[in-house]
Amino acid sequence: RKEVEQDPGPFNVPEGATVAFNCTYSNSASQSFFWYRQDCRKEPKLLMSVYSSGNEDGRFTAQLNRASQYISLLIRDSKLSDSATYLCAVLDQTGANNLFFGTGTRLTVIP
Amino acid sequence: DAGITQSPRHKVTETGTPVTLRCHQTENHRYMYWYRQDPGHGLRLIHYSYGVKDTDKGEVSDGYSVSRSKTEDFLLTLESATSSQTSVYFCAIRRATNEKLFFGSGTQLSVL
């Protein structure tokens, strides 16, 4: 079973729409979660961390649901520039302190 | 900008040849990582380092070795490249003060 699973999409939404992605994780002991954005042929870039209380950064809101073991990313008022692949990541609780990544969800915002 | 440079950016090589990818950082971070990214699999950890000469295996380490003789450089070596190692390779660093990873620009490797 994969540590982290995401719906690969693609999600095609019109400008101004609200879109949400979910990501499930398998290790109930996981404590730290992140969303990354990856543009085509570029490196992943940290978008935001996900805290237990949820957090918001402008049009982006990240939330954690421990009971159901998923994290979510909500994008409001979508812009053309939001078109990218969004990767969720979960911290490996064992020695490496590396991140387990989902395969990514592709978002295309349409004019 | 996390001060990470990967080289080369692109490489084409033949099956059976050795290949070394370099990751260089300028900010003296202790933790460095090598990932590969493939369609349908996402990013997977190959090896990581937690200090000079301190390295360990990740999820997909078979066929790869690493070395870290200086804090700033983390080398990934494919001793005898195979076509299944065609991939995009990303180096990452972790700042000691938090758990977030920051990535280099990647190396596109094609093994023919």
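Residues numbered from 1 in each chain as written. Chains lettered and ligands numbered in written order. Predicted model: local features only at pLDDT ≥ 70, side-chain atom pairs only at ≥ 80, totals over all residues. Heavy atoms only, no water.

(A) The nonpolar core, seen in detail. In this structure, A:F21, A:W35, A:I71, A:L73, A:I75, A:Y86 and A:L107 are the most contacted members of the largest nonpolar core, which totals 23 residues. Residues contacting A:Y86, with those up to four places away along its chain left out, are A:Q6, A:F21, A:W35, A:Y36, A:R37, A:L47, A:F60, A:L73, A:I75, A:G104, A:T105 and A:L107. Listed in part, the 19 residues of the second largest apolar core include B:Y64, B:A81, B:I93 and B:L109. (Core = buried A, V, L, I, M, F, W, Y, C linked by side-chain atoms within 4.5 Å. Buried < 20%, exposed > 50% of the residue type's maximum accessible area, 1.4 Å probe, protein only. Contact = heavy atoms within 4.5 Å.)

(B) Structural detail: the state of the cysteines. Residues and elements named next belong to chain A. Throughout the structure, instances matching the rule amount to two disulfides over all chains. Here C23 is linked by a disulfide to C88, with a sulfur-sulfur distance of 1.8 Å. Of note, the bridge from C23 to C88 carries an S-S torsion of about 60° and is right-handed in sense. Linking C23 in strand β3 (residues 19-25) with C88 in strand β9 (residues 84-91), this pair joins segments that are 65 residues apart in sequence. In this structure C23 comes out as buried when scored by relative accessible area, which is 1%. (Disulfide = S-S within 2.5 Å. Helix = DSSP H or I, 4+ residues; strand = E, 2+ residues; numbered from the N terminus.)

(C) Structural detail: the pattern of salt bridges. Residues and elements named next belong to chain B. Within this structure, the stated rule accounts for eight salt bridges over all chains. A salt bridge links R36 to D38; the shortest N-O distance between them is 2.8 Å. Considered together, R36 and D38 belong to a single accessibility category, that of buried residues. With a closest N to O distance of 3.0 Å, D38 and R44 form a salt bridge. Given a relative accessible area of 16%, R44 falls into the buried group. Within the structure, one salt-bridge network assembled from shared partners comprises R22, K70 and D73. (Salt bridge = Lys/Arg side-chain N within 4 Å of Asp/Glu carboxyl O.)

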